[in-house]
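# Report on the structure
Okay, here's what each chain looks like letter by letter:
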Amino acid sequence: MKFDIIIIGGGLVGASLVAALKDSGLKIALIEPHEPAPVPQDNSWDNRVYAISPGSAAFLQKLGAWQLMETERIAPVYEMAIFGDDNTAHINFSAYEIGLPELAFIAENRQLQTTIWHMLESSKENIRIYCPAKCTAITWHDTHVDVELTDGTELEAALIIGADGVNSWVRKQAGIDVSQHAYDQVGVVANFSTELSHRQIAHQWFRRDGVLALLPLPGKRVSMVWSTTEDHADFLRNLSAEKLCQQVEEASAHTVGAMQLISPPAGFPLNHVHVKKLVKARLALIGDAAHGIHPLAGQGVNLGLRDARELAAILNSQGRQTDCGDYLFLRRYELARKEDILVLEWVTDGLQKLFNNPNPTLARIRNLGLEITNHLPLIKNRLIQHALN
């Protein structure tokens, strides 16, 4: 089977790229080992949620996916309230202050991914989905790439796109170097119903035991992300539902009142991953295969969607007249994405180190910095503008 492009990895970012290329005239194959988890009928809530920026929402709407989502399961964010050590300092961001209707939207991963997959399954003949399917070998040639699947199927394409996550198999096969370090932290996620309304405000606390965020869900519900030490994460996950609620209520200064657990806690390890190159001849990396950042800014998925948006724009602008796997052609994508990725890598890694340091002098400096920034609208607006893209 011959294709123009083979995309390996059908998560939100990879599937979005396929959707963005459906009218390109390019013949595309998508390879994904796991089918998207169906949206349950019991009204339960997905532990894995994303803060979708207005720019990402506009991209998904252009694809035709955003308007197919269940709006009653999406929560807009009108404000962000961020607190320093022991609530001694804070900074607020408001959509109203910068003239926008919202700062972000909180949406569930499974609803986003399932919606896009339904679009792809009913799309045009130029898209072929292999799922469940897994790659066993990639062979690079000057003019094309051969891919072999576990069932013996052989595919050929001018371009391979790796969208297969932070531990990307495609990236390893291509011999692309990465520099990485573990934060020795775990992101603990869970959903709660609350006594008080969150008022569409996303709250975040930089604490001595990590970073705690409560993100608004529809109604009186919140989604928690607590980035904390491995020992503390184990402690939290082993608590009873009642004890976990008490821990989160106290850590969040009872901001949303009494809480009740509505989805069990889960955890994922946190790592910083810097990929030395995004492209080589016949290869491009997108999403977590191209970068791995700390979740404290909630920008990981938006960074990946901006990868998909940029690469799709470049490929759509050339059509089938250009060799889409040509290195110089792909360098346009790498150059367009380099600054955005580096800025977020630097900011998130720097903030994690700054607030994870127990030095009391440093604590006073970082809290003073939050307070000063909160009273400087120009700087605040510059900080938030990047996150809106």
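Within each chain, residue numbers correspond to sequence positions counted from 1 in written order. Predicted model: local features are reported for residues with pLDDT of at least 70 only, side-chain atom pairs are reported and counted for 80 or more only, and whole-chain, interface and lining totals are derived from all residues. The basis for every side-chain value is the complete set of non-hydrogen atoms in the structure, without hydrogens or water.

Operational definition: UniProt positions are given in the numbering used here, feature names are shortened, and annotations may be inferred rather than shown by experiment.
Per an unreviewed UniProt entry, the protein is named Ubiquinone biosynthesis hydroxylase, UbiH/UbiF/VisC/COQ6 family, and its organism is Nitrosomonas ureae. The Pathway (unreviewed entry) comment attached to the protein in UniProt states, word for word, "Cofactor biosynthesis; ubiquinone biosynthesis." Listed in UniProt under the heading Cofactor (unreviewed entry), the comment for the protein reads: "FAD".

## Section: the sheet that holds strand S14 (residues 210-217)
Inclusion rule: What makes two strands pair is DSSP finding at least two bridges between them. The way it works is that DSSP assigns letters per residue, a run of H or I at least four long becomes a helix, a run of E at least two long becomes a strand, and they are numbered from the N terminus. The contact criterion used is simple: two residues touch if any of their non-hydrogen atoms lie within 4.5 Å. Whenever a helix is involved, its axis is fitted only over the stretch in contact; in every case the axis is a line through C-alpha atoms, and angles between N-to-C directions fall within 0 to 180 degrees.
Read across the sheet, eight strands follow the order S6-S5-S13-S14-S15-S12-S16-S19 without closing on themselves; strand pairing throughout is mixed. The open sheet is flanked by strand S6 (90-94) and strand S19 (291-292), the only strands paired with a single partner. Relative to S14, strand S13 (residues 201-207) runs antiparallel, the two sharing five bridges. When the bridges of S14 are listed, Trp 205 appears paired with Leu 212. Where helix H9 (residues 360-374) meets the sheet, its contacts fall on strand S5 (79-83) and S6, and the angle it forms with S6 comes to roughly 35°.

## Description of the sheet that holds strand S4 (residues 75-77)
In space, the three strands of this open sheet follow the order S3-S7-S4, with antiparallel pairing throughout. One side of each edge strand has no neighbouring strand; the edge strands of this open sheet are strand S3 (49-52) and S4. In this sheet, adjacent strand axes meet at a mean angle of 25° when their direction is disregarded. Pairing between S3 and strand S7 (residues 104-108): four bridges, direction antiparallel. Bridged to Ala 51 within S7 is Ile 106. Docked against the sheet, helix H3 (residues 109-121) engages S3 and S7, running at close to 80° with respect to S7.

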